[in-house]
Amino acid sequence: MQMGNLTAFILFLYFFSLHQSLAAAAATTYNVLDLGAKPDGATDSTAALSRAWSAACASNKPTTIYVPRGRFLLRNVHFRGPCRNKAITVRIDGTLVAPANFNAIGKSGNWLLFEGADGVSVRGGTLDAQGPALWECKKSRGKDCPSGATTLGMTKSKNMEIIGLTSLNSQMFHIVINGCENVKLQGVRVSASGNSPNTDGIHVQLSTGVTILSTKISTGDDCVSIGPGTKNLWIENVTCGPGHGISIGSLGKDYEEAGVENVTVRSVNFKNTQNGLRIKTWGRPSKGFVRGVVFQHALMTNVQNPIVIDQNYCPNNNNCPGQVSGVKISDVSYEDIQGTSATEVAVKFDCSKANPCERIRLENVKLSYKNRRAEASCSNAAGSVSGLIEPTSCLY
């Protein structure tokens, strides 16, 4: 080798080695096994995961919390921020499992909660909340049972990613995003029995910039529920069923309530669900609103209520009989909605007498019932149609 080439080669090795050393120094991994966790599904590993979070949160370097294969028993874990570190990855190859006794976490509100976090990424893994025992308790004993815990909560957090996570058998809601900014969920799978109570798949409220992509949800309540104060929400390529569909609401329970705006739901497949695309508001006074919503490219298979706006929601006729909804619904588009309804009325707009729905738009909607054209029902709803519309529109 010539002297010039040898010198260049030596310099290459030196800088390569230096780069590797700097990379190693720039990143830290905390394996929960090294902190006392046991992958046997029986040993309480809560303290180990909490220690890993505390160390990662305090670090000034990109950090990974690693949960290897196995089943790790956890009680409630609170991942509290703000952190010095804004590049924390929680990588899960195993399963985090809740205690078999539902009272251990069922009175707490959340099983796993991120609060005040910034720049956290959760990748892979399974969360098994062991909900069936609580569901059975609620069925047989009713109010004598705890309400149950949300499996994964995010509150007052931003720049979060949940990628490739599976949530099984939540006691109540599977994933709740509350008061957050810039949250992305992708490749998430949610699974619970179709008769499991209050097990919403993903609930979003008081949050902006939430994206839900390529997700499969099978549960006993709404696949995605959209609460007050949700803005700039994008949902795409989601499979829903069993479940209650994708619901904006219920809204208007409180008079002073933030509105919902700029929501896009596209390329969603509903199968054997109670509802498809639903907006639901209480029949009572409210300052709330829904506007700027686009429902696009949805396929319905045996869905009881494929398209529905219900502004007369009043469960058990309690605190709202005879009142009308104050929530104002406007600028809602339904584009390329196809498939089959399990009931004769496939499109139902039951809007408020005091605040009629305005600028409802239908474009290329084709829904059938038992191999014939379905029906539509409208009350206090105005808008426009274009393209092929079946059932015939009743908008005025």
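Since we're looking at a predicted model, the values are computed, not measured.

S.K.: Quick question: what am I supposed to make of the pattern of salt bridges here?
M.R.: Think of it this way: side chains of opposite charge can pair up when their charged atoms draw near. Taken as a whole, this structure holds 16 salt bridges when the rule is applied. In this structure, E261 engages K231 in a salt bridge whose closest nitrogen and oxygen atoms are separated by 3.7 Å. Here E261, found in strand β22 (residues 260-271), pairs with K231, found in strand β20 (residues 231-240); they are 30 residues apart in sequence, far enough to count as distant. When its relative accessible area of 15% is taken as the criterion, E261 is described as buried. On the accessibility criterion, K231 (37% relative accessible area) is partly exposed. Here E358 and K328 are joined by a salt bridge, their closest N and O atoms 3.4 Å apart. Pair noted here: E358 is in strand β28 (residues 357-369) and K328 is in strand β26 (residues 328-341), with a separation of 30 residues, a long-range link. With relative accessibility at 23%, the residue K328 sits in the partly exposed group.

S.K.: Would you mind showing me how to read the state of the cysteines here?
M.R.: Taken as a whole and judged by the stated rule, the model has six disulfides. Put simply, C314 and C320 are joined by a disulfide, and their sulfur atoms are 2.0 Å apart. On the sign convention where negative is left-handed, the bridge of C314 and C320, at about 105 degrees about the S-S bond, is right-handed. A relative accessible area of 17% means that C314 is categorised as buried. Through a disulfide, C351 is tied to C357; the S-S separation comes to 2.0 Å. In this structure the cystine formed by C351 and C357 twists about its S-S bond by roughly -95 degrees; its chirality is therefore left-handed. Judged by relative accessible area, which is 0%, C357 ranks as buried. Across the protein, the way the bonded cysteines pair up, counted in sequence order, is 1-2, 3-4, 5-6, 7-8, 9-10, 11-12. Cysteine C180 shares no disulfide, and the gap to the nearest cysteine sulfur, in C83, comes to 14 Å. Overall, the relative accessible area of 1% leaves C180 in the buried class.

S.K.: So what exactly am I meant to see when it comes to the environment of L299 here?
M.R.: For L299, the position within the fold is in strand β24 (residues 289-303). Accessibility expressed as a relative area gives 39% for L299, which makes it partly exposed. In sequence terms L299 and Y396 are 97 residues apart; their C-alpha atoms lie 26 Å from each other. Once you skip the residues sitting within four places of it in the chain, L299 turns out to touch V268, N269, F270, Q338 and G339.

S.K.: What should I look at first to understand the sheet that holds strand β5 (residues 77-80) in this one?
M.R.: Pairing between sheet strands relies on hydrogen bonds along the backbone, with the strands arranged either parallel or antiparallel. Read across the open sheet, the eleven strands follow the order β5-β8-β11-β14-β17-β19-β21-β23-β25-β27-β30; overall the sheet is parallel. Two strands in the sheet have a free side with no partner beyond their single neighbour: β5 and β30 (375-379). Between one strand axis and the next, the sheet turns through 15 degrees on average, direction left out of account. Lying on the sheet, helix α2 (residues 46-58) is in contact with β5 and β8 (110-115); it crosses β5 at an angle near 0 degrees.

S.K.: What exactly am I supposed to notice about the pairing of strand β23 (residues 275-282) here?
M.R.: The side chains of a regular strand alternate between the sheet's two faces. Across the eight residues of β23, eight count as buried, placing the element largely inside the fold. The sheet contact formed by strand β21 (residues 246-251) and β23 spans four bridges and is parallel. Bridging from a neighbouring strand, L251 pairs with T281 of β23. Of the strand pairs in this sheet, β23 and strand β25 (residues 305-313) are connected by six bridges, and their pairing is parallel. Along β25, the bridge assignment pairs W282 with Y313.

S.K.: Explain empty space enclosed by the protein to me, please; I cannot follow it from the model alone.
M.R.: Over the atoms a probe the size of a water molecule is rolled, and this reveals where empty space is left. All chains considered together, the criterion is met by three cavities of 30 Å³ or more. Empty space within the largest cavity amounts to approximately 100 Å³. For the largest cavity, the full set of lining residues is L49, V67, F79, V90, I92, L96, L112, F114, V122, L127, L152 and L165.

S.K.: Where do I start with helix α3 (residues 132-141) in this structure?
M.R.: Because each turn of an α-helix spans 3.6 residues, side chains separated by three or four positions in sequence point in the same direction. Of the positions making up α3, those classed as buried are L134, W135, C137 and K138. On an axial view of α3, the arc spanned by its buried residues comes to 160 degrees, and they lie on one face. Those residues of α3 that are exposed and angled more than 90 degrees off the buried face are K139 and S140. Within two residues after α3, G142 carries a phi angle of roughly 60 degrees, on the positive side.

S.K.: What am I meant to see in the nonpolar core here?
M.R.: The nonpolar side chains of a soluble globular protein tend to be buried, and buried together. W111, F114, I177, Y334 and F349 are the most contacted members of the largest nonpolar core, which has 91 residues in total. Residues in contact with I177, not counting those within four places in the same chain, are M154, V183, L185, I202, H203, V204, Q205, S207 and V210.

S.K.: Quick question: what am I supposed to make of the packing of aromatic side chains here?
M.R.: Two descriptors summarise a pair of aromatic rings, namely the distance from one centre to the other and the angle between the planes of the rings. The final tally for this structure, using the stated rule, is six aromatic pairs. Seen from their ring centres, W53 and F79 are 5.4 Å apart, and the 75 degrees between their planes marks the pair as edge-to-face. Linking W53 in helix α2 with F79 in strand β5, this pair joins segments that are 26 residues apart in sequence. F79 shares its class with W53; the two are buried. Judged by centre distance (5.7 Å) and plane angle (45 degrees), the ring pair of Y334 and F349 falls under tilted. One end of the pair, Y334, is in strand β26; the other, F349, is in strand β27 (residues 345-350), and 15 residues separate them in sequence. According to the relative accessible area criterion, F349 is buried, its value standing at 1%. In textbook terms, an aromatic cluster arises when at least three aromatic residues are bridged by ring pairs, as seen for W53, F79 and F114.

What counts, and at which threshold
Residues numbered from 1 in each chain as written. Predicted model: local features only at pLDDT ≥ 70, side-chain atom pairs only at ≥ 80, totals over all residues. Heavy atoms only, no water. Salt bridge = Lys/Arg side-chain N within 4 Å of Asp/Glu carboxyl O. Helix = DSSP H or I, 4+ residues; strand = E, 2+ residues; numbered from the N terminus. Buried < 20%, exposed > 50% of the residue type's maximum accessible area, 1.4 Å probe, protein only. Disulfide = S-S within 2.5 Å. Contact = heavy atoms within 4.5 Å. Pairing = 2+ DSSP bridges. Axes fitted to C-alpha atoms, helices over the stretch in contact; angles between N-to-C directions. 1 Å grid on protein atoms, 1.4 Å probe; cavity = no way out; pocket = protein on both sides within 12 Å on 5 of 7 lines; lining within 4 Å. Points joined across faces, edges and corners; volume = space filled by probe spheres on them. Arc of directions from axis to C-beta. Core = buried A, V, L, I, M, F, W, Y, C linked by side-chain atoms within 4.5 Å. Phe/Tyr/Trp six-rings, centres within 6.5 Å; stacked < 30°, edge-to-face > 60°.

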